Every structure is written in structure tokens, then in C-alpha cells.
Amino acid sequence: MRTSFVAGNWKLNGNQASISALVANINAGLESLNQTTVAVCAPCVYVPLVHTLTQNSTLKLGAQNVSNYETGAYTGEVSAPMLKEFGCEYVIIGHSERRALFGESDEICAQKFVRAQQAGLTPIFCVGETLTEREANQTEAVISRQLQALLAIIDVQDLVNSVVAYEPIWAIGTGKTATPEQAQAVHAYIRQMIANLNKSVAEKLQILYGGSVKGSNAAKLFAMPDIDGGLIGGAALNADEFLTICRAGNKA
Ligand code: PEP
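In this text the structure is predicted, and so the values were computed from the model without any measurement.

Asks: Describe in detail the overall build of the protein chain, supporting the description with residues and values.
Replies: The secondary structure content of the protein chain amounts to 11 helices and 8 strands. On C-alpha atoms alone, the protein chain measures out to a radius of gyration of 17 Å, which is about the 18 Å that the 2.2 N^0.38 rule sets for 252 residues. Principal-axis analysis of the C-alpha atoms gives the protein chain an extent of 45 × 45 × 35 Å. Intrachain contacts of the protein chain at a sequence separation of at least 6 include 73% that bridge at least 24 residues. A total of about 11,300 Å² of accessible surface is found on the protein chain, and carbon and sulfur atoms cover 51% of it. Computed over 18 positive and 22 negative side-chain charges, the inter-centroid distance for the protein chain is 4 Å.

Asks: Which residues make up the nonpolar core, and what values go with them?
Replies: Judged by nonpolar contacts, the single largest core of 68 residues is most densely connected at Trp 10, Ile 26, Leu 159, Ile 190, Tyr 209, Phe 222 and Phe 242. Element by element, the count of residues in this core is highest for helix α11 (residues 239-251), at 6 residues. When sequence neighbours within four positions are dropped, the list of residues in contact with Trp 10 reads Ile 19, Leu 22, Val 23, Val 40, Cys 41, Ala 42, Pro 43, Val 50, Gln 64, Ala 236 and Leu 237. Counting 12 residues, the second largest nonpolar core, distinct from the first, contains Ala 7, Ile 92, Ile 124 and Val 163.

Asks: Give me the site of the ligand: which residues, what numbers.
Replies: Close to the ligand lie 14 residues; Lys 11, His 95, Glu 167, Gly 173 and Ser 212 are nearest. For the ligand, an oxygen atom lies 2.8 Å from a polar atom in the side chain of His 95. Interatomic distance of 2.6 Å between a backbone N/O atom of Gly 173 and an oxygen atom of the ligand. Taken by itself the ligand offers 290 Å² of open surface, and the protein chains cover 95% of this.

Asks: Can you tell me about the layout of surface pockets, naming the residues and giving the values?
Replies: The volume enclosed by the largest pocket comes to roughly 540 Å³. Lining the largest pocket are 21 residues, with Lys 11, Gln 64, Asn 65, Arg 98 and Phe 102 positioned closest to its centre. By residue number, the principal contributor to the lining of the largest pocket is helix α4 (residues 96-101), which donates 3 residues. When the residues that make up the lining of the largest pocket are grouped by side-chain class, the tally is 10 nonpolar, 6 polar and 5 charged.

Asks: So what about the packing of helix α5 (residues 106-118) against helix α7 (residues 139-151)? Which residues, and what values?
Replies: Interhelical geometry of α5 versus α7 gives an angle of 50° and a closest axis separation of 8 Å. Classed by the angle they form, the pair α5 and α7 counts as oblique. Seen from above, α5 lies across α7 with right-handed handedness. Touching Asp 106, Glu 107, Ala 110 and Phe 113 of α5 are Arg 145, Gln 146, Ala 149 and Leu 150, all from α7.

Asks: Describe in detail helix α1 (residues 16-30), supporting the description with residues and values.
Replies: In a regular helix each residue adds 1.5 Å, so 15 residues correspond to 21 Å; α1 covers 21 Å between its end C-alpha atoms and thus fits that length. Inspection of α1 places Ile 19, Leu 22, Val 23, Ile 26, Asn 27, Gly 29 and Leu 30 among the buried residues, and these make up the whole buried set. Buried positions in α1, seen along its axis, are confined to an arc of 165° and lie on one side of it. Where the residues of α1 are buried, they touch β2 (36-42), α2 (47-53) and α11. Two to three positions downstream of the cap, the backbone nitrogen of Ala 17 sits 3.1 Å from a side-chain oxygen, assigning the N-cap of α1 to Asn 15.

Rules used in this analysis
Each chain carries its own residue numbering, running from 1 in the direction its sequence is written. Local features in a predicted model are, by the rule used here, given only for residues with pLDDT of at least 70; side-chain atom pairs are given and counted only at 80 or more, and totals for whole chains, interfaces and linings are based on all residues. Neither water nor hydrogens contribute to the side-chain values; these are computed over all heavy atoms in the structure. Where helices and strands are cited, they refer to DSSP runs of H or I of at least four residues and of E of at least two residues respectively, numbered from the N terminus. In this setup the radius of gyration rests on C-alpha atoms only. A globule is expected at 2.2 Å times the number of residues raised to 0.38. Working rule for contacts: check all heavy atoms of both residues, and any pair within 4.5 Å makes them a contact. For the area figures, the Shrake-Rupley method with a 1.4 Å probe applies, and any residue is considered shielded solely by the protein chains shown. Neither His nor the chain ends is counted toward charge; the positive residues are Lys and Arg and the negative residues Asp and Glu. Charge placement uses NZ in Lys and CZ in Arg. For Asp and Glu, CG and CD serve respectively. Buried residues of nine kinds, namely Ala, Val, Leu, Ile, Met, Phe, Trp, Tyr and Cys, make up a nonpolar core once their side-chain atoms join them within 4.5 Å. Remark: exposure states derive from per-residue accessible area (1.4 Å probe, protein chains only) relative to the maximum for the residue type, with buried under 20%, exposed over 50%, and partly exposed in between. We call a residue near a molecule or strand as soon as one heavy atom of that residue lies within 4 Å of the molecule or strand. Here a polar contact is recorded for every N or O atom pair within 3.5 Å, except that within protein the pair must consist of a potential hydrogen donor and a potential acceptor, and residues adjacent in sequence are included only if both atoms are side-chain atoms. Note on definitions: the grid is 1 Å and covers protein atoms alone; a cavity is a set of points where a 1.4 Å probe fits but cannot get out; a pocket is an open set with protein on both sides within 12 Å along at least five of seven lines; lining residues have an atom within 4 Å of a point. Grid points are joined across faces, edges and corners, and a volume is the space filled by probe spheres set on the points. Nonpolar residues are Ala, Val, Leu, Ile, Met, Phe, Trp, Tyr, Cys and Pro. Charged residues are Asp, Glu, Lys and Arg, and all others, Gly as well, are polar. Axes here refer to lines fitted to C-alpha atoms; in helices the fit is confined to the stretch in contact. Angles between the N-to-C directions go from 0 to 180 degrees. Note on angle classes: values under 35 degrees are labelled roughly parallel, values over 145 roughly antiparallel, values of 65 to 115 roughly perpendicular, and the remainder oblique. Each crossing gets its hand from how the near helix is turned against the far one by less than a right angle, where anticlockwise is left-handed and clockwise is right-handed. Here, expected helix span is obtained from the residue count minus one, scaled by 1.5 Å. Comment: arc refers to directions from the helix axis out to C-beta atoms.

Dropping the structure here:
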């Protein structure tokens, strides 16, 4: 039986004051939630702050990106052991914004996954298709390509200590959410792809949906059999909205 997981992706938003207030409000609302794991993925420089603010809370901490290198002459990079040292448990890898805007290839995303796990972080590995790809019936081919690049360099068993997030790019930040049926179809495809390699890993793997999840649509999405929670962007910046989504995870 898989538990549910809701992770907020704050992206490039916030400052010390707004983040402190947001975390305080989330902490207060989390007390009544015991069946869902909840995490927030902060901008890198605020990781120590959020770590301090979550000391007495069940709220988990994640980062939004990690280097595919561990150490050396890589100006501007932040390594997985650095994130771990400052209290991160999770890291988002392969978000479509990183893939599209910062040129991260399937291979680089796969390397990042390995680096994260080596440091004891749980990767939240994002996959998803563009609207053009969906309209050309390429959704499964794209997801398969993204996951195959990962499976080429990890053991399928390593997926147990990771989370996969299906994020159709056309639904991210657009207000256009995939229907529960559309999302479920892709989640089932991902689970079947993994089951073909190892049934028990597939049954344990948490697969999140991301793309314009809100308090008003989360419950229906999370009620689908292969949707184990969500990766939340815009709605994670508002404590009430985010907590409504977390409560939907708690019931699913
Ligand atoms: C995201 O950035 O991962 C995301 C799902 O964003 P939004 O919820 O704003 O669509």
C-alpha cells in the first residue's frame, strides 16, 4: 500500500519574510495531517532557513535542483552532499523548466538522480510531454525515452528510494490541468513500464501528478488509483491552498 506525498515547488519566489510566514502557516496546518508526507522545495539559499523553521514539524525539506557533479571547478553549482548537509531530504530533478530553459538533457537528469541518491537524497524525478508531443500522440514515447535514459544507468530497484512526477508541460503554470483520466492513463503507463522490469518496485513507486493542481481539483486527481499525490507549483505559495491540497492527499 503506497502512502501519499505532496511536494511544493516554490521555484524562484520568496524572500526571508515571506518564506518564514509561509512555513509557519504550513506547519500550523500540518498538525492534523498524518497520512500524507508533505515537503517544500525551496530556492537553494533559503534551504538553511527552512531547515531551521521545520525542526519541530513534520514538514520535509527539498531543493529544486542539484549538480550532476560532486566537487570541483563547476562555478555556480550546488552538489548533493551540500544539500544533504543543510537538511534536504528531497531534490527535484528534471523539471521541465530545467530541461527546456537550462538545456538539461535526459542523460544529465539521469546523472543528477544518481548523485542525489549517492548523497542520501530522494530524487523527485520529473517527466512529461509538451502539447505538440501530446497532439502528435507522442506522450508515451516521450515518457519512455526520459525514463529509459534513467534506467540505463540505475538499477530498477533504485526507484524504490525515489519519486516520479508526471508533469505534462502544457499543464504547468497554465491553469490547464490534465483531467484525472488523462493523468491516470499516463501514470498507469509509467507503472506498467516499471512493472515490466520489476513488479514489486512498480507497486511501491510513488508517482505524483503535477500541473496546475489546486485545492479545487486535487481530490479528484489524487483519488485515481495510480496517482499518489502531487508536485505543486503556484498553489504551493499560498499556505491555505497548499494545505487544502495536502488534505486531499490525506484522504485519498
Ligand atoms: C511545477 O512547477 O512543478 C508545477 C506543477 O507548477 P504549477 O502547479 O504552477 O502548474
